[in-house]
Amino acid sequence: MRNRLNPFYITGFTEGEGSFYVGILPRRMKNGWEVRPSFSLSQNEKDKELVSSLIDFFGCGFVRPSKNDRTVKYEVRSLKDIENKIIPHFEKYQLEGRKKKDFDAFKKAVEIMKINKHLEKEGLIEIVSLVLTMTKNHRRIKSLKNIITLLKV
């Protein structure tokens, strides 16, 4: 299956079924928050072989079934793999739709993490502000705005 995957196909697949996500969770970290970037692609479980072939294509990640529906999800959470494999792919084979904006914000958040600026209040506020541009979910927007308020106190 690896030989069948075209890099432009992967970019188009991502445009429709992919997600660039940055989780921000309360944790016992230096600043009280953990930042977790993630890239994922989901597909119906009938296409598990296709989704699994992404591990070979990118040379990283894992596949897991969704608990909510009959889909499988390819996911990359390693900052190193996101930095060295996922981001370079989308820089070379660029997104052209709505997800380009999400990718650009995701990439900036990863750059902030690379230099450990996310461990400082200002860097974390910058990441939360970037993530706000990536979501339309009203509950998540409210939660992110609450994080900014807490950080500014």
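What comes next is a walk through the structure. This is a predicted model, so every value here is computed, not measured.

Digging into the pattern of salt bridges
- Applying the stated rule across the entire model yields nine salt bridges.
- Two residues, Lys85 and Asp81, come together in a salt bridge whose shortest N-O distance is 3.8 Å. In this pair, Lys85 and Asp81 both sit in helix H3 (residues 79-92), four residues apart, roughly one turn of the helix.
- Under the relative-accessibility criterion, Lys85 is labelled partly exposed at 30%.
- For the salt bridge of Lys100 with Asp104, the shortest nitrogen-to-oxygen distance reads 3.5 Å. One end of the pair is Lys100 and the other is Asp104, both in helix H4 (residues 99-114) and four residues apart, which spans about a single turn.

Quick look at the nonpolar core
- In terms of nonpolar packing, the biggest core is built from 42 residues, with Phe20, Ile24, Phe39, Phe58, Tyr74, Ile86 and Ile127 touching the most fellow members.
- The dominant element in this core, judged by the number of residues it contributes, is H4, at seven residues.
- If we skip the residues at most four places from it in the chain, Ile86 touches Phe20, Phe39, Phe58, Cys60, Tyr74, Val76 and Asp81.

Observations regarding unusual backbone geometry
- For Asn116, which is not glycine, the phi dihedral falls at a positive 60°.
- Examined against the element boundaries, Asn116 turns out to sit in the loop between H4 and helix H5 (121-132).
- You can call Asn116 partly exposed: its relative accessible area is 43%.

Cut-off values and rules
Residues numbered from 1 in each chain as written. Predicted model: local features only at pLDDT ≥ 70, side-chain atom pairs only at ≥ 80, totals over all residues. Heavy atoms only, no water. Salt bridge = Lys/Arg side-chain N within 4 Å of Asp/Glu carboxyl O. Helix = DSSP H or I, 4+ residues; strand = E, 2+ residues; numbered from the N terminus. Buried < 20%, exposed > 50% of the residue type's maximum accessible area, 1.4 Å probe, protein only. Core = buried A, V, L, I, M, F, W, Y, C linked by side-chain atoms within 4.5 Å. Contact = heavy atoms within 4.5 Å.

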